[in-house]
Structures are given as structure tokens and as C-alpha cells.
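Take a look at the letters that make up each chain.
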Amino acid sequence: MKHSMFRNYLYKKEIYEEWTMGGEKSAKRAANRLLRKQRMEEEAEAARILQEKKDQKYMRAALKQAQKAASIGEVPIGCVIVYRDQIIGRGYNRRNTDKSTLSHAEITAIRKASKKLQDWRLEECTLYVTLEPCQMCAGAIVQARVERVVMGCMNLKAGCGGSVLNILEMQEFNHQVKVTRGVLEEECSKILSDFFKQLRLHNKVEKYMNN
């Protein structure tokens, strides 16, 4: 609101200055120019709000995948891949269940999305993941030519989307990914902290029972 009032003040000031310096015609030209600028700013803001809502919607879908991981005792990380407003790939962490290093949420989602599109390139796709990708997943995202990645919370100890490394935006590669961070960050962080809290409690109880 304050920004809008200040902007209107500046517009009026600029029109007044044009009037005093160049007369009525100059003021009208300035008014039309500023009106176009204002419309463009309003359209950009509307697009930003719409994108923000979409990002939250699809991150909630990724959180549902993370809950599936938690339900089988896996670290709750979830991922979805979106193509033209449709989810075409879903995945959640199954590393311990599958006894496979490759069973990360992002890798599973990439495999499913590629199968759906019948192409290894995911050039018009956005990948939503609840936790910042590791080096393996970040590399796979770049290799798959994913256009954009939206992250929930950061992984300060092992993340390769801006924390330890930033593989996604490295200029040395032939593809750079657009990155948005911190979407539903609190919810994404909470599901992890709740999981590890329960895990520590479980381990304490198990240790006590075995003594």
C-alpha cells in the first residue's frame, strides 16, 4: 500500500514537471507513458502472485510424497515434476527400503517424468522438492535440462543447490537451472525435524528395552 502511494506521488510529480517545462502536450505524453508503466508493473505483480500460489500448490504435492517416505520409516523427502500445469512425475525417498543409493525422490520423479514425455530432456519442466538436492540429484537435474527448481528448505550440510555447492546454477555447465528457494520452508523443515525427533525417541526406547 505504501509503495503504491509513493509510486503515485512520483508519477504526479513527473507529470507536473513535464507540464511546467513542456506544456500540456508534454504532460499528456508523460501521463500516457506513466500509465503504460503502471499497467506493466501491475501485470508483473499479478503474475508474481499467481506463480507464488502455483509454487505453494505443487510444493504441497511434494510434501504429500514426503509423508509417504515417513510412513515407511524413510527420511521424509518428496518431489514432483510439473509440465504445463500437470504433474508428470512423483517420487519420495526410498533409499533404505530399496537398498539403493539411487532411490532418491528427485531421481524417481525424473525417471517417471521422462517416461511420461518419452524424452530424457525435461526442458519445460519445473521440479519441486521439499529439501535442497544432493550432488547426485542436482547433477541429474542439470543433465535432464530441467528448466526450474523450487526448493522447500535448505540442506546446509549436503545441499548442492546453493548451500555446500551450487551445481544447479554453475556457469561452467552448458545448462543452468532457474532456482526458487524457501517455498513452504517451515512445513518442509518441520516434517524433517518431526521425523528425526521421533527417530531419536524410538532409538532411546529400543536401547532401553535391550538393556
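Above this text sits the structure in question.
Residues numbered from 1 in each chain as written. Predicted model: local features only at pLDDT ≥ 70, side-chain atom pairs only at ≥ 80, totals over all residues. Heavy atoms only, no water.

Engineer: Any details on unusual backbone geometry? Residues and values, ideally.
Structural biologist: For R145, which is not glycine, the phi torsion reads 60° and is therefore positive. Looking at where R145 falls in the secondary structure, it is placed in the loop between α4 (135-143) and β4 (148-153). (Helix = DSSP H or I, 4+ residues; strand = E, 2+ residues; numbered from the N terminus.)

Engineer: A description of the pattern of salt bridges should follow, citing residues and the corresponding values.
Structural biologist: A pair can form between side chains of opposite charge whenever their charged atoms are brought close. For the coordinates displayed, the defined rule picks out 10 salt bridges. With a shortest N-O distance of 2.8 Å, R48 and E45 are connected by a salt bridge. Taken together, the positions of R48 and E45, both in helix α1 (residues 2-71) and three residues apart, correspond to about one turn of that helix. Relative accessible area serves as the criterion here: at 36%, E45 is assigned to the partly exposed category. Residue D98 is joined to R94 by a salt bridge in which the shortest nitrogen-to-oxygen separation is 3.0 Å. (Salt bridge = Lys/Arg side-chain N within 4 Å of Asp/Glu carboxyl O. Buried < 20%, exposed > 50% of the residue type's maximum accessible area, 1.4 Å probe, protein only.)

Engineer: Which residues make up the packing of aromatic side chains, and what values do they have?
Structural biologist: Tallying each qualifying case throughout the model produces two aromatic pairs. Ring centres of Y58 and Y128 lie 5.5 Å apart, and the angle between their planes is 45°; this geometry places the pair in the tilted category. Separated by 70 residues along the polypeptide, Y58 in helix α1 and Y128 in strand β3 (residues 125-131) bring together distant segments of the chain. The residues Y58 and Y128 share a single accessibility class, namely buried. (Phe/Tyr/Trp six-rings, centres within 6.5 Å; stacked < 30°, edge-to-face > 60°.)

Engineer: Which residues make up a nonpolar patch on the surface, and what values do they have?
Structural biologist: A surface patch of nonpolar side chains, about 310 Å² in accessible area, is lined by L201, V205 and M209. Residue placement: L201 occurs in helix α5 (residues 185-210). (Patch = residues over 30% accessible without salt bridge, like charges linked within 9 Å, V, L, I, M, F, W, Y side chains within 5 Å. Areas by Shrake-Rupley, 256 points an atom, 1.4 Å probe, with all protein chains shown as cover.)

Engineer: Can you tell me about the sheet that holds strand β5 (residues 178-180), naming the residues and giving the values?
Structural biologist: In spatial order, the strands read β2-β1-β3-β4-β5; together these five strands make up an open sheet with mixed pairing. Because the sheet does not close on itself, it has two edges, and the strands there are β2 (86-92) and β5. For this sheet the average axis-to-axis angle between neighbouring strands, irrespective of direction, equals 20°. As paired elements, strand β1 (residues 78-83) and β3 share five bridges and run antiparallel to each other. Across the sheet, the residue bridging to V80 is Y128, located in β3. Along the sheet, helix α3 (residues 105-117) contacts β1, β2 and β3; its crossing angle with β2, the most-contacted strand, is approximately 145°. (Pairing = 2+ DSSP bridges. Axes fitted to C-alpha atoms, helices over the stretch in contact; angles between N-to-C directions. Contact = heavy atoms within 4.5 Å.)

Engineer: Any details on the nonpolar core? Residues and values, ideally.
Structural biologist: Judged by nonpolar contacts, the single largest core of 42 residues is most densely connected at I81, L127 and L168. For this core, the secondary-structure elements that each account for two or more residues are α1, β1, α3, β3, α4, β4 and α5. Of the residues forming this core, the biggest block, six residues, is contributed by α1. In this structure L168 touches A138, I141, V142, V149, M151, C160, G161, H175, Q176, V177 and V179, once residues within four positions along its chain are discounted. (Core = buried A, V, L, I, M, F, W, Y, C linked by side-chain atoms within 4.5 Å.)

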